[in-house]
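Structural description and commentary
Residue strings, one per chain:
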Amino acid sequence: MIEVKHLKKSFGDVQVLRDINAVIEKGDVISIIGPSGTGKSTFLRCLNMLETPSAGDIVFDGENLTAPDTDLNKMRQKMGMVFQSFNLYAHLMIIENIMLGPTKLLGLSRTQAYEEGLELLRMVGLSEKATAYPDELSGGQKQRAAIARTLAMHPEVVLFDEPTSALDPTMVSEVLSVMRKLAQDGMTMLVVTHEMKFAQDVSTRVFYMDEGIIYEEGSPAQVFENPQKEKTKEFIQRIRKFNYEIRSADFDIYEMNNGVENFCIRHAIPEKQVYSLLSALEELIAMMIVPQLPPDNIQIDLSIGYSELSSSVTIELCYAGNEYNPFDADDDDLALKILGRRVRLTEYRYDTQNQLSMELKNG
Amino acid sequence: MLFTGFHMPNKKSKTKKLVVLALFLTLSACFATGCTSTDTGEIRDASGISTGRIGVMTGSIGEIYAEEKYPDATMQMYDSLMDSVLALSAGQVDYVITAYTNALTYKKSNGDLTYLPERLTDEETAIAIGKDNTRLLESINAVLTQFKEDGTLDDIITRWVKEDDSPYEQVDIPAVKGGEELKVAISTGREPMVFVQDNNYVGLDCELIERIAYELGMSVTYSDMSFSALIPALTSGRADCVISNMTATEERAKQVNFSHAYFSNPQVVMIRNPDYVSSKPWYESIKDSFIGNFITENRWILLAQGLLTTVIVSVLSATLGTVLGFGVCMLHMNKNSALSGIARVYIEIIRGIPVLVLLMLLFYVVLAGINIDPVLVAVITFSLNFSAYVSELMRTSIGSVDKGQVEAATATGFAKWQRFTLIVFPQAARIALPVFRGELISMVKMTSVVGYIAIMDLTKASDIIRARTFDAAFPLIVTAILYFIISTLLVSSLSRLEKNIDPKKRKREVKLDA
């Protein structure tokens, strides 16, 4: 139904979309996920030409929207859009908001439009609010009304631009359930969202956007359970990272500890685990690795990762020098005994330098 | 078919409040008229005049006289004699020097004023005749001599120049039918010499010239003009003679010939009447003021015409100015920087010129060569002025409408004009209306300057009435109330519009098909 070919969009010198290619079929429910600032909303807004693409083609129902002679307004009528900030017409009652498009654009009589509008309001649970004004509604009610307004035009596809991002957390679910129902009824939808649960449960396909392209796409199962690419993985598992470089045997261990501690506080890692982590780091770096390295060439890169999804903490160490795996030491080595109680080795590799991956044990 | 939601109660009490306010204003006006004179010490004679406060009309004989005789006095110059008399009445000056007949008339219409019997000058009033028309001059002089001898002239003078309040005696003046025409130029408004009563030209001057014409076997035709136009009318041949309480001065005698004097009209000193006590209760004096200012000689018609002119100028200027302002606003918001620059310059220029200066510039300079109705010039001026303010108001209001809603309308497939008419305009109008109302009222009030280009609007009409009745307060207060009513009506009609576009005031019903 929609085919996007080599879509590019720049704002001044900043290239937001580098090369987007996608095919959207009828009945698709596509969740577009990805970190902030990767052009998800821009992509959506290019689809109905609210933003004019810098290059590329968007073919909708066989018509190229980027062609200069296309009747854009006609095409937009078939392509609904729901905004983050609702954008209800403030001077019109809710029912009038819904009736405006059908009466002025589709040629419906006011009575027909009114009855259809009421039907839609019933569907989104707002029939009591027909004669209310937008500012008398809560955020969740506003967004449901906005969805009803979009549906009144009988669109072939609805674009949702972060529909729940401006909502109070208590109101997110009422909007999501309306969208869920819509998806079940077979509506073609593109949803830019941060609601991972919704994306996982409702969508037929997921686009992970990063670096100005569709970085990875697939079924929710593929993207969420088995992401192929590193950035996708980090995003899906919501991994936060802390990096620290050690360049001398007399490095400032207090500074490092302080950084680690702040990182842990920010992500609400339990105090006991923080203590465990700090003690493991001290043991590993100061007692085991540093003495093994040539004193004039100390290069250790520390990276601590925290997954918000599984609340697991990972430690990665990368250091130069000869091949050395601290876990190969004798079983009765005191340092190793202490270390073993704190962490579990997940991987050790050596190519040009040592690479050590560990996971912090719980408790 | 109507779907009705909540009904907001209609606020009828607002109109009631306005009625009460108007009543209050009228009443306070009445009190003000009832007690205008303020006592500033009693003056019974001219003993203090050489150091006193003297009011005179600019360019009058009284001014020249006062400057020569009382150099130590404080002189107050007024543009019209009426203003100087009103100042005397209000206690702002203590003496007014003017001609005897003027003093007589003012004394009659304002019981609180009087004049001193001393004659300051000896001025002779005479008939002016064209320089080359010596035949007419001789004939008129012959008749005048005859009238003086047989007592006709004295009869005429006693009939018109009266110290008491009794009405003028009506006499039949014989007239020749179909005789040679005598074209007489007059300037009315000079009671008791020459003035309009019941739509006829009457007074001492008129009776005299009609009787002279009868003796000469001629029939009189009058043309009424401003005093300064009388002598030019004579020299250009459009009139045969001028009789209009005109003093035979040396300067005038250079251009015209004067007949024998027929009346002596010296300068006298007017003062406040020290013995004046208002005998009438306040409501009687209000009644008298009302009758004098509006009922006598149907003066209200003048006021009604002025009111109509003010309303026409205001409504046309508001309409055209709003339309023009919208155009300028669209130009200003144009992406083309040259077009928007033109609009910006236009706005700055129009806003930078005082509206009165703009009015006179258009009338006397820009449109000077074109034969154009002054009312039209006023409408153009105020439309231009209003458009500059309105366009800026519109621009800021349109700019303040939420861009997201426009975007939603775009995404729905509305064309650009639909986005404007359906989404932007109704909301911008709601934002703009309160300020627009203020601009409209201030524009209506600004139209009071159109008198400068000879339009008789409400202000000018009240000026004319004041000049006839020598009553400052009553016409001014009534004029103020009339302006207030115009503004209120305009505002309330706008408020009705506002009710329709303000969601909080509008009825919550959805219009459906019949």
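Our structure is the block above this text.
Let's shift gears to helix H12 (residues 334-342) of chain A. Residue and element names in this part refer to chain A. Residues of H12 that are buried: Ala335, Leu336, Leu339 and Arg342. Seen along its axis, H12 keeps its buried residues to an arc of 120°; they face one direction. Set apart from the buried face of H12 by more than 90 degrees, the exposed residues are Leu334 and Arg341. Looking at the packing, one finds that the buried side of H12 touches helix H11 (271-292), strand E14 (343-350) and strand E15 (354-360).

This brings us to the environment of Gly186 of chain A. Residue and element names in this part refer to chain A. Considering the arrangement of structural elements, one finds Gly186 in the loop between helix H6 (172-184) and strand E8 (188-192). On the basis of relative accessible area, Gly186 is assigned to the partly exposed category, the value being 39%. Considered as a pair, Gly186 and Asp28 are 158 residues apart in the sequence and their alpha carbons are 8.1 Å apart.

Let's shift gears to the interface of chain A and chain B. Counting residues at the interface gives 34 residues for chain A and 29 residues for chain B. For the pair chain A and chain B, the summed buried surface comes to about 2,800 Å²; carbon and sulfur atoms form 58% of the total. Linking chain A to chain B there are 2 salt bridges. A salt bridge links Glu136 of chain A to Arg508 of chain B; its shortest N-O distance comes to 2.7 Å. Taken together, the elements giving at least two residues each to the side of chain A that touches chain B come down to helix H2 (72-77), strand E6 (79-82), helix H3 (94-105) and helix H4 (110-123) of chain A. Top contributing element to the side of chain A that touches chain B by residue count: H3 of chain A, with 7 residues.

With that settled, the discussion passes to the sheet that holds strand E13 (residues 267-272) of chain B. Residue and element names in this part refer to chain B. Here we have 5 strands laid out as an open sheet, ordered E3-E2-E4-E13-E5, and mixed in their pairing. The sheet is open, and its two edges are formed by strand E3 (74-78) and strand E5 (113-115), each paired on a single side. Geometrically, the sheet is characterised by an average inter-axis angle of 30° between neighbouring strands, direction not taken into account. As paired strands, E5 and E13 are joined by 3 bridges and run antiparallel to one another. Following the sheet pairing, Tyr115 is matched in E13 by Met270. Strands strand E2 (53-57), E3, strand E4 (95-99) and E13 of the sheet are contacted by helix H2 (residues 61-69), whose axis makes an angle of about 165° with E3. Contacting E4, E5 and E13, helix H4 (residues 100-109) crosses the sheet at an angle of about 120° to E4.

Glancing now at the pattern of salt bridges. Under the criterion given, the structure shown has 24 salt bridges over all chains. One salt bridge connects Asp94 of chain B with Arg53 of chain B, and the closest N-O pair in it is separated by 3.2 Å. You can see Asp94 of chain B sitting in the loop between helix H3 (81-89) and E4 and its partner Arg53 of chain B sitting in strand E2, a full 41 residues away along the chain. With a relative accessible area of 28%, Arg53 of chain B lands in the partly exposed category. Salt bridges sharing partners connect three or more residues here, namely Asp28, Arg205 and Glu217 of chain A.

We now examine the packing of helix H14 (residues 374-399) of chain B against helix H16 (residues 416-446) of chain B. Each pair of packed helices gets described by two things: the angle between the helix axes and the distance between those axes. All names here are of chain B. Contact geometry for H14 and H16: axes closest at 9 Å, N-to-C directions at 145°. When the axes of H14 and H16 are compared, the crossing they make is right-handed. Here Phe382, Asn385, Phe386, Tyr389, Val390, Leu393, Ser397 and Ile398 of H14 lie close against H16, whose contacting residues are Phe420, Val424, Ala428, Ile431, Ala432, Val435, Phe436, Glu439, Leu440, Met443 and Met446. Residues of the contact of H14 with H16, tallied by class, amount to 16 nonpolar, 2 polar and 1 charged.

Right, let's get into the sheet that holds strand E1 (residues 2-11) of chain A. Residues and elements named next belong to chain A. An order of E2-E1-E4-E5 is seen for the 4 strands of this open sheet, with the pairing classed as antiparallel. Taken across any chain shown, the strands that pair with only one partner, and hence form the sheet edges, are strand E2 (14-24) and strand E5 (63-64). Pairing analysis gives 5 bridges linking E1 to strand E4 (residues 55-60), with the strands arranged antiparallel. Note on E4: the bridge partner recorded for Glu3 is Val59. In the packing of helix H1 (residues 40-47) onto the sheet, contacts are made with E1, E2 and E4, and the angle to E1 comes to roughly 120°.

How each quantity is defined
- Residues numbered from 1 in each chain as written.
- Chains lettered and ligands numbered in written order.
- Predicted model: local features only at pLDDT ≥ 70, side-chain atom pairs only at ≥ 80, totals over all residues.
- Heavy atoms only, no water.
- Buried < 20%, exposed > 50% of the residue type's maximum accessible area, 1.4 Å probe, protein only.
- Helix = DSSP H or I, 4+ residues; strand = E, 2+ residues; numbered from the N terminus.
- Arc of directions from axis to C-beta.
- Contact = heavy atoms within 4.5 Å.
- Buried area = accessible area lost by both parts, 1.4 Å probe.
- Salt bridge = Lys/Arg side-chain N within 4 Å of Asp/Glu carboxyl O.
- Pairing = 2+ DSSP bridges.
- Axes fitted to C-alpha atoms, helices over the stretch in contact; angles between N-to-C directions.
- Left-handed = near helix turned anticlockwise from the far one by under 90°.
- Nonpolar A, V, L, I, M, F, W, Y, C, P; charged D, E, K, R; others polar.

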